[in-house]
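Chain by chain, the residues run as shown.
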Protein chains: 2
Amino acid sequence: MSTYLAIDIGGTQIRAATFNNECTEPIRHQRAKTHAPDGTIFDRLCATVEDVWPEHGGVVAIGVACPGPLDPKSGIILDTPNIPQWDNFPLVDKLKERFKVPIYLNNDASLACLGEWRFGAGKGHEDVLYLTISTGIGGGVVSENRLIQGHHGLATELGHVTVAPGGPMCGCGQRGHLEAFASGPSIVRYVKLQMAGGVQSTLKPEPSLSAKQVSEAAAAGDILAISAFSRAGKYLGIAVASFLHAFNPSIIIFGGGVSQSGPLLFEPFKKSLEKHIIHPMYLKDLEIATAELGDNAGLLGALALAQIS
Amino acid sequence: MSTYLAIDIGGTQIRAATFNNECTEPIRHQRAKTHAPDGTIFDRLCATVEDVWPEHGGVVAIGVACPGPLDPKSGIILDTPNIPQWDNFPLVDKLKERFKVPIYLNNDASLACLGEWRFGAGKGHEDVLYLTISTGIGGGVVSENRLIQGHHGLATELGHVTVAPGGPMCGCGQRGHLEAFASGPSIVRYVKLQMAGGVQSTLKPEPSLSAKQVSEAAAAGDILAISAFSRAGKYLGIAVASFLHAFNPSIIIFGGGVSQSGPLLFEPFKKSLEKHIIHPMYLKDLEIATAELGDNAGLLGALALAQIS
């Protein structure tokens, strides 16, 4: 029996689980808070791993999903915004020293892609484009059954591809990125800006206004809310056309909360995508799917990484 | 002794050559015109191959470079603009039937990338981004020592990535692509448009005006000519920053005539690239190089393809 251990580290919680063979139901599964008053994040991580460690041992490998930027080849976390304790942190070496098994690390979006490719919506596809649209936009690409990683493992940062130079400010400090047009906060920001400019809406420009509220207002017929999603879909279509020209996948998988907005986002997206594609072959047999693994995408991606590495 | 045969099909000429083992000097080398009054292109191609076919036989495989769009997996030329005779032409099957050896096909830009990776400026690199800038802009990417191809082999059409929606018209009929800003004809078009708008220049807005003439005028101090290359360099930097975020290569190799414009293009390019990158790690150890294989890039790329397939 081969046992694999998967770890998913997020800004708010750490999860660890053990799995047998090809089964995606965990044998043991444990969570901990990422940030807490006592101890270090690494200590909490190790305690969580020990909680799920099988009594008989026999762990073949550990896969770890963590927010980037990180270097999967050197195993170093570079400077993940939500985990400032881990600036230039050699996570793989530290875990290897502690648990004495092979450790494989990659960023959460790439591993969500790998997880969907192995266990989810991308099963059977050799060329997968994965996009998660929520607070930010993350990407992952499997090309001929292999994750595209790049020299320092920093490839497929697809939220930070410029779609309109000089456009709105992105969370990263640059302007005009896809993320600055189509992430949840950028949809909300657009609504607020339009309202500040005098456009009428049923929404209130409160600090707590969320993309979900904008989507609900759109569903109830609010013109501004509808136009905010149309705009996001339009730029998403422009960017995804470029991604098809760059990667020519056979499936696009959308994850993340904003992806659950349905036709509100995806009708204008598809219209824009079809308009911006340079050859009909890019759309031939192209599947557009919703992520199947939900909150488990990172964890199951880490499992997939441990299994195939 | 292993003999490989490489074919490079262009809009004006067909080349075929045989090579022994790892040597990049051809044993035999023959050219023919792509278009001629008599016979078909395929007939001329076969005659050229027969011209270089070794007397003792022993050809292990044939690699073929051809302008895209084409599908390397099915071996079909889709609709290459310069070879209308070959719409939906099953080139690989036809060649296999005739020469009874394994045939491998890919598009010229991807194979130029593969050639540079195996024999040229990219030797020793695992992650290569190749861009050729001339009449159009073509791209190729080697990721962890493998060519990125995509589902139908249509990946890395990097000239047709949108850098400014609604921008100038591209050769493909879409607007705002990289090619519409930084190819030779787009640099010339910008100069002509500015002159039509009243901007002074030493250049004459004649139909024959070339990017080379614009580059010579810039070298002689013409302000408009200099600004035309600055603009091309700026948008090239924006696009390449997105390519680094997408592929994270360790080397960028520039081929094509416009790439020979030197600092005129590459100073504004580098400034723009540095400005638009989201993390300094993308530039760490990044080499920016000029293609080494020149006119032989397609042929040697076809050789590389035959050798590694």
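Residues numbered from 1 in each chain as written. Chains lettered and ligands numbered in written order. Predicted model: local features only at pLDDT ≥ 70, side-chain atom pairs only at ≥ 80, totals over all residues. Heavy atoms only, no water.

(A) Focus on the overall build of chain A. For chain A, the helix and strand inventory stands at nine helices and 12 strands. For chain A, the C-alpha radius of gyration of 20 Å lies close to 19 Å, the compact-globule estimate for 309 residues. Considering only contacts within chain A whose residues lie at least 6 apart along the sequence, 61% involve residues at least 24 apart. Roughly 12,300 Å² of accessible area belongs to chain A as shown, and the carbon and sulfur atoms make up 50% of that amount. Where the 24 positive side-chain charges of chain A centre and where its 29 negative ones centre are 5 Å apart. (Helix = DSSP H or I, 4+ residues; strand = E, 2+ residues; numbered from the N terminus. Rg over C-alpha atoms; globule rule 2.2 N^0.38 Å. Contact = heavy atoms within 4.5 Å. Areas by Shrake-Rupley, 256 points an atom, 1.4 Å probe, with all protein chains shown as cover. Lys, Arg positive; Asp, Glu negative; His and termini not counted. Charge placed at Lys NZ, Arg CZ, Asp CG, Glu CD.)

(B) How the structure looks around the relation of the copies chain B and chain A. Aligned on chain A, chain B shows an RMSD of 0.0 Å; the corresponding rotation is 180° and the shift along the axis is 0.0 Å. A rotation of that kind, with that shift, is consistent with a two-fold axis. Distance from the rotation axis, computed per C-alpha, reaches its smallest value in chain B at Ala164 of chain B: 2.5 Å. (Least-squares fit on C-alpha atoms with pLDDT ≥ 70 in both.)

(C) The packing of helix H3 (residues 108-119) of chain B against helix H9 (residues 297-308) of chain B, seen in detail. Residues and elements named next belong to chain B. For the pair H3 and H9, the least separation of the axes is 7 Å and the interaxial angle reads 75°. Relative to H9, the element H3 is oriented roughly perpendicular. Between H3, through Leu111, Ala112, Leu114, Gly115, Trp117, Arg118 and Phe119, and H9, the contact on the second element is made entirely by Ala297, Gly298, Leu300, Gly301, Ala302, Leu303, Ala304, Leu305, Gln307 and Ile308. Residues that form the contact of H3 with H9 fall into these classes: 12 nonpolar, four polar and one charged. (Axes fitted to C-alpha atoms, helices over the stretch in contact; angles between N-to-C directions. Parallel < 35°, antiparallel > 145°, perpendicular 65-115°, else oblique. Nonpolar A, V, L, I, M, F, W, Y, C, P; charged D, E, K, R; others polar.)

(D) Fine view of the packing of helix H6 (residues 211-219) of chain A against helix H7 (residues 223-247) of chain A. Residues and elements named next belong to chain A. The contact between H6 and H7 brings their axes to 7 Å, and the two run at 115°. The interaxial crossing formed by H6 with H7 has left-handed handedness. Each of Ala211, Val214, Ser215, Ala217 and Ala218 in H6 lies in contact with H7, whose residues at this interface are Ala225, Ile226, Ala228 and Phe229. Of the residues belonging to the contact of H6 with H7, the class tally is eight nonpolar, one polar and no charged. (Left-handed = near helix turned anticlockwise from the far one by under 90°.)

(E) Structural context of the nonpolar core. By size, the foremost hydrophobic cluster in this structure holds 108 residues, and its most contacted members are Val214 and Phe243 of chain A together with Val214, Val240 and Phe243 of chain B. If we skip the residues at most four places from it in the chain, Val240 of chain B touches Leu129, Leu131, Ile252, Phe269 and Leu273 of chain B. (Core = buried A, V, L, I, M, F, W, Y, C linked by side-chain atoms within 4.5 Å. Buried < 20%, exposed > 50% of the residue type's maximum accessible area, 1.4 Å probe, protein only.)

(F) Molecular detail of unusual backbone geometry. Residues and elements named next belong to chain A. Between Gly68 and Pro69 the backbone carries a cis peptide bond, its omega angle lying at 0°. When you line up the elements, Pro69 lands in the loop between strand S4 (59-66) and strand S5 (70-71). One non-glycine residue with positive phi stands out, namely Glu144, at about 45°. With respect to the helices, strands and loops of the structure, Glu144 is situated in the loop between strand S9 (137-143) and strand S10 (146-147). Using a relative accessible area of 22% as the deciding quantity, one classes Glu144 as partly exposed.

(G) Quick peek at the side chain of Arg15 of chain A. Residues and elements named next belong to chain A. Structurally, the position occupied by Arg15 is in strand S2 (residues 13-20). Here Arg15 occupies a buried position and makes no salt bridge, while the nearest side chain of opposite charge, Asp8, is found at 4.6 Å. In terms of polar contacts, Arg15 uses its side chain to reach the side chain of His29, at 3.1 Å. Dropping the residues within four chain positions of it, Arg15 is found in contact with Ala6, Ile7, Asp8, His29, Gln30, Arg31, Asp295, Asn296 and Leu299. (Salt bridge = Lys/Arg side-chain N within 4 Å of Asp/Glu carboxyl O. Polar contact = N/O pair within 3.5 Å; in protein donor to acceptor, adjacent residues only side chain to side chain.)

(H) Looking closely at helix H3 (residues 108-119) of chain A. Residue and element names in this part refer to chain A. Over its 12 residues, H3 runs 16 Å from end to end, which matches the ideal 16 Å to within 8%, given 1.5 Å per residue. Judged by how many residues are buried, H3 sits mostly within the fold: 10 of 12 residues are covered. Along H3, the residues that are buried comprise Ala109, Ser110, Leu111, Ala112, Cys113, Leu114, Gly115, Glu116, Trp117 and Phe119. With a side-chain oxygen positioned 3.1 Å from the backbone nitrogen of Ala109, the residue opening H3 is Asn107. (Expected span 1.5 Å × (residues − 1).)

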